[in-house]
Amino acid sequence: MECVVQGIIETQHVEALEILLQGLCGVQRERLRVHELTLKSLPNLGSVSSEVRLLCDLDQAEPTWTVKHVGGAMRGAGADQLSVMVRAMIESRVSKNALRMFYSLGYKLDHELLKVGFAFHFQRTAHISVSVSSVSKMPKIHAIDEAVPVTPGMQIVDVTAPATPENYSEVAAAVSSFCEFLAPLVHLSKPFISMGVVPTAAAAAASLMSDGGGTTL
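Below or above, wherever it landed, is the structure these notes cover.

Rules used throughout
Residues numbered from 1 in each chain as written. Predicted model: local features only at pLDDT ≥ 70, side-chain atom pairs only at ≥ 80, totals over all residues. Heavy atoms only, no water. Helix = DSSP H or I, 4+ residues; strand = E, 2+ residues; numbered from the N terminus. Rg over C-alpha atoms; globule rule 2.2 N^0.38 Å. Buried < 20%, exposed > 50% of the residue type's maximum accessible area, 1.4 Å probe, protein only. Areas by Shrake-Rupley, 256 points an atom, 1.4 Å probe, with all protein chains shown as cover. Lys, Arg positive; Asp, Glu negative; His and termini not counted. Charge placed at Lys NZ, Arg CZ, Asp CG, Glu CD. Pairing = 2+ DSSP bridges. Contact = heavy atoms within 4.5 Å. Disulfide = S-S within 2.5 Å. Phe/Tyr/Trp six-rings, centres within 6.5 Å; stacked < 30°, edge-to-face > 60°. Arc of directions from axis to C-beta. Axes fitted to C-alpha atoms, helices over the stretch in contact; angles between N-to-C directions. Parallel < 35°, antiparallel > 145°, perpendicular 65-115°, else oblique. Left-handed = near helix turned anticlockwise from the far one by under 90°. Nonpolar A, V, L, I, M, F, W, Y, C, P; charged D, E, K, R; others polar.

## A closer look at the overall build of the chain
- For the chain, the count of helices and strands is 5 helices and 9 strands.
- Over its C-alpha trace the chain gives a radius of gyration of 18 Å, about what one expects of a compact globule, namely 17 Å for 217 residues.
- Burial status across the chain gives 40% buried among its 217 residues.
- Carbon together with sulfur atoms contributes 55% to the accessible area of the chain, which is approximately 11600 Å² in total.
- If the 17 positive side-chain charges of the chain are averaged to one point and the 21 negative ones to another, these points end up 7 Å apart.

Right under this line is the structure:
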């Protein structure tokens, strides 16, 4: 399972966010260029629809593939009190023939996305990953070079951390605490609950650009 929050930021403030993250995380950023294919099951696999994502890391000399299944979010009074979403998630490395295998199992391609940006991975009570990326869609199957931005002028910020049924509360608290440092630039909330852009982001970005970043945690 994983804890996750998302937000959006105007592209013009992404450089300031990178400076802030560099100071907070104390690690070098990693480039992000991922081709994401979302597959959905056909009726022959059961009455309940299943969805998996195939992720191809295009930034590697030899592209690597990962399959990811995101399950339902935790529900109930405990989940409502958390500022992050806790959801089931299974992820595994696969071979480059994975797409053909899923087709043979009875899945069909639903849509494709290209995510380009950067990411930070660091340890702070939990292993936290922060990615900032522009998201584009494909007008034709596998047409990466023709990808069109989904939200021009905006980029998506994702903060995730792996968790277990035993420690998700501590992980959620660690993610929430970290997100407070990003609040001047980006609203981070549970997925599908967009809070828009931060009104004071321009002023915060200008301040960060002038002093060169934050303090390592």
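That shown, we press on.
## What about the pairing of strand E7 (residues 126–137)?
- By the criterion of burial, E7 is predominantly enclosed, with 9 of the 12 residues buried.
- Both strand E6 (residues 107–124) and E7 contribute to a ladder of 12 bridges, which runs antiparallel. By the bridge assignment for E7, glutamine 123 is matched with histidine 127.
- Where E6 hands over to E7, the hairpin turn is made up of 1 residue, of which threonine 125 adopts a positive phi near 70 degrees.
- Alignment of E7 against strand E9 (residues 154–162), held across 5 bridges, turns out to be antiparallel.

## Overview of the side chain of serine 133
- Structurally, the position occupied by serine 133 is in strand E7.
- Owing to a relative accessible area of 2%, serine 133 belongs among the buried residues under this scheme.
- If we ignore the near neighbours within four places in the chain, the residues touching serine 133 are Leu32, Lys115, Val116, Gly117, Gln155 and Ile156.

## Let's talk about the environment of valine 135
- On the secondary structure map, valine 135 appears in strand E7.
- Residues valine 135 and tyrosine 107 lie 28 residues apart in sequence; the distance between their C-alpha atoms is 24 Å.
- Not counting residues up to four positions away in its chain, the partners in contact with valine 135 are Leu113, Leu114, Lys115, Val148, Pro149, Val150, Thr151 and Ile156.

## Topic: the environment of threonine 64
- Tracing the chain through its elements places threonine 64 in strand E4 (residues 64–73).
- Linking threonine 64 and valine 34, residues 30 residues apart in sequence, is a C-alpha distance of 9.8 Å.
- Other than its neighbours up to four places away in sequence, threonine 64 contacts Leu55, Cys56, Asp57 and Arg93.

## Topic: the side chain of serine 136
- Mapping serine 136 onto the fold places it in strand E7.
- Leaving out residues up to four positions away in the same chain, serine 136 has contacts with Glu112, Leu113, Leu114, Ala147, Val148, Pro149 and Val150.

## A look at the state of the cysteines
- Tallied over the full model, the rule gives 0 disulfides.
- Cysteine cysteine 179 remains unbridged, with the sulfur of cysteine 3 as its closest cysteine sulfur at 11 Å.
- By relative accessible area, which is 10% here, cysteine 179 ends up buried.

## Examining the packing of aromatic side chains
- Counted according to the given criterion, the structure contains 3 aromatic pairs.
- Between phenylalanine 102 and tyrosine 107 the ring centres are 5.4 Å apart and the planes differ by 90 degrees, which places this aromatic pair in the edge-to-face class. Comparing phenylalanine 102 with tyrosine 107, the two get one shared label, buried.
- Relative to phenylalanine 120, the ring of phenylalanine 118 has its centre 6.0 Å away and its plane inclined at 85 degrees; by these criteria the two rings are edge-to-face.
- Take phenylalanine 118: its relative accessible area is 4%, and that puts it in the buried class.

## Structural notes on helix H5 (residues 201–211)
- Among the residues making up H5, those that are buried are Ala201, Ala204, Ala205 and Leu208. Projected down its long axis, H5 shows its buried positions confined to an angular sector of 100 degrees, all on one face. Opposite the buried face of H5, by more than 90 degrees, sit the exposed residues Ala203, Ser210 and Asp211.
- Where H5 is buried, its residues contact helix H1 (14–25).

## A few points about the packing of H1 against helix H4 (residues 168–182)
- As a packed pair, H1 and H4 sit with axes 10 Å apart at the nearest point and diverge in direction by 135 degrees. The angle between H1 and H4 falls in the class oblique. The way H1 lies across H4 gives a crossing that is right-handed. Each of Leu17, Leu20, Leu21, Leu24 and Cys25 in H1 lies in contact with H4, whose residues at this interface are Phe178, Phe181 and Leu182.
- Of the residues assigned to the contact of H1 with H4, the class counts are 8 nonpolar, no polar and no charged.

Keep in mind these values describe shape, not function.
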